[in-house]
Each structure stands twice: as structure tokens, then as C-alpha cells.
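What follows is each chain in one-letter form.
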Amino acid sequence: MKRRTFLQTTAAAATMAAFGTTASAAAPFEKKYANVLGHKMAYVNEGEGRPVVFLHGNPASSYLWRNIIPYVTDRYRAIAPDLMGMGDSDKPAMTETYQESAEYLHAFLDSLDLQDAILVIHDWGSALGWHYARTRPDRISAVAFMEAMAPPFMPLNDVSVLAPEMVEFMMGIRTPGIGEKMILEQNLFLDGFMRHDSGGMSEETMAEYNRPFPTPESRQIILDWPREIPMGGSPSDVHAIVQANSDFVAQSTFPKLMFHVTPGAVITEYAAKWIKKNLTNIESIYLGEGGHFIQEQYPDEIGRGLADWLFRV
């Protein structure tokens, strides 16, 4: 069967959304602030009990989890930081986006003195989350993931595993001069890729995602993140970390839950099958057709599935 393109999936998702629950655009949680290595980090902290830490990626914020967090706060403590440089966190200049983001995030998580915590991870939040679980195994006891950097394809040695239009988009971003025009000037990561992913998002939702990035200068981190996706061994430092993460995930025995869609942007149908066959202590929930920001398309399905799984791990 011919593989669906992202545009075909977007049209199908829009039709599905007309018959199902759509994500609320309201941001229901008041954020708190912590001083982390001399800079302000914003975060959501709701509920009490065993900690469940939600980690977003690029170009999002803790807002990504707004419709999912309420499913867990009756039994658990939900913690959702805005990565440094994103959301309502400070925007210090960073020259090594992954390494410095990891330092900020991991210092913040260490300050919470987490015990028996569960991670819920997506996009770059997955790389940072796997990294944290790998280096602090006494703190993290289970991980739920979706559209995450995971084996068998991460780090990317062969970009042909991605959809052709995704490869074209990524190659443009990584080209000096072209990437600056695409992301800093035209704002294509937010108003192109994100806006039209998984059936499209409302103007109110996109306004909140855009709010922290009003100028080309403020969007620098959105450009820097995709330039650090390890492809063909470069950048070497991030490649080494993501490879260590993938090896760790493949060998781990703690409980894991994967949410996946077709065709997806990071976890493809092939990758999902490989994960279900090869990882230990893995459960999976197939949501249907979708792209990358599946929290916007399937918030209730993810919330219910996550709550059920948390009750058992």
C-alpha cells in the first residue's frame, strides 16, 4: 500500500476532528518559577503524589500538555517545565543548544529530588528525558513516550527513513542562510509545520504557541534545535548522547508506554513495530492517523491511556 503523505494525513485528521473531541486552547494552569543556574525556569506544578514529569520539545512549551495533565492530577503530582529559552522561561544565549538545555533541565529536575518518578516525553523532550533517566536511574522508574527520539532510527544515519517532505524541510532548515529565512523571518516551524500538523490548530492555540516568539531574534532557539538533530553523525556530541540513549532504551527493563500514529513524523509505522517487538516491558496504544503534535489531536485518548497505565506501574 502506498504510504500516506503528511498532507493526506492532515486532510484525514481534519475530517476525524469534526466527529471527535478537539483540544481546548485554554491554558488552565498558573505557572511557578524556579531559579536554575542563574536563570528563571517556568513550570506547571499541579496535584500531589508520585511525580509525573511532562517534557515538551521544539517549538512548544508546557502548554502542549494542558489537556492531558488533568487526567493525572487526582492521583499524581504533574510537573511540566518550559525548557530554557522556550515558553515563559528565560531566553539566555546558548551556543550548544542540547548540552546547555540539558544542564538547565537536569539541574531543575535534580532540585525537585524526584523519587519513583515517571517521565512523559515528546520530541526533544524525549532526548533530554531518556538522558535524565539514563544518568539518574534511581530517580526514574517508568517512561511514557510519543513521537520520541528512540531506536531503531535515532540517531539518524539514513534520512530516507523519514517522509520525503520531512527530509526536504529538515535539509532546508540546516542550510545556512535558508534556515534563517525559513525559521527566523518566515516563522515556518510554527506557522507552517506546527500549524498544519495533525489536522490543523485553532488560531487561539497557535497564538499561544507563538506568544513566546514575537521576533526573529526570539526564534533563534527554534532554528538551533533542528540543526542539532543527529544526522549522519553530526553534530558529534549530540550523536553520541542520542546513541547512548537509544542503547539504554533498548536494554532497559523499566515499564514503558508508547503512543503512536500513522504515519507519524519521528516514530514511523516500521519503528513502532520494531519497538513493540524488541523493547522489554513495553505497552503501546495506537491512536490512528496523525503527524507529530499528537497531543493536540488526541488529548483525551492520551490522557485516558496514560492514567490507566500509571495506575498499573
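Each chain has its residues counted from 1, following the order in which its sequence is written. Residue-level local features of this predicted model are given only where pLDDT is at least 70; pairs of side-chain atoms are given and counted only at 80 or more, and the full residue set underlies all totals for whole chains, interfaces and linings. Each side-chain value is worked out from all heavy atoms of the structure, with water and hydrogens disregarded.

Draft legend 1. Broad picture of the UniProt feature "domain: AB hydrolase-1" (unreviewed entry) in the chain. UniProt positions are given in the numbering used here, feature names are shortened, and annotations may be inferred rather than shown by experiment. Sites flagged by UniProt as "domain: AB hydrolase-1" (unreviewed entry) map to residues 51-174. Secondary structure counts use DSSP, requiring at least four H or I residues in a row for a helix and at least two E residues in a row for a strand, with both numbered from the N terminus. Across residues 51-174 one finds 30% helix and 22% strand; the C-alpha atoms that close the span lie 37 Å apart.

Draft legend 2. Structural context of helix α8 (residues 220-227). For every residue, the accessible area obtained with a 1.4 Å probe (protein chains only) is divided by the maximum for its type, and the residue is called buried under 20%, exposed over 50%, and partly exposed between those limits. α8 sits mainly inside the fold: six of its eight residues count as buried. Among the residues making up α8, those that are buried are I221, I222, L223, D224, W225 and P226. We call two residues contacting when some pair of their heavy atoms lies within 4.5 Å. At its buried positions, α8 is contacted by α2 (97-111), α3 (124-135), α4 (164-173), α5 (178-185) and α6 (188-196).

Draft legend 3. Region of the structure containing the pattern of salt bridges. The working definition used for a salt bridge is a side-chain nitrogen of Lys or Arg within 4 Å of a carboxyl oxygen of Asp or Glu. Per the counting criterion, the structure on display carries 15 salt bridges. Note that D191 and R195 form a salt bridge whose closest N and O atoms lie 3.0 Å from each other. With D191 and R195 both in helix α6, this residue pair falls four residues apart, about one helical turn. Taking relative accessible area as the criterion, R195 reaches 16% and is therefore assigned buried.

Draft legend 4. Broad picture of the environment of Q251. If you trace the backbone, Q251 turns up in helix α9 (residues 236-251). Sequence-wise, Q251 and L279 are 28 residues apart; in three dimensions their C-alpha atoms are separated by 7.5 Å.

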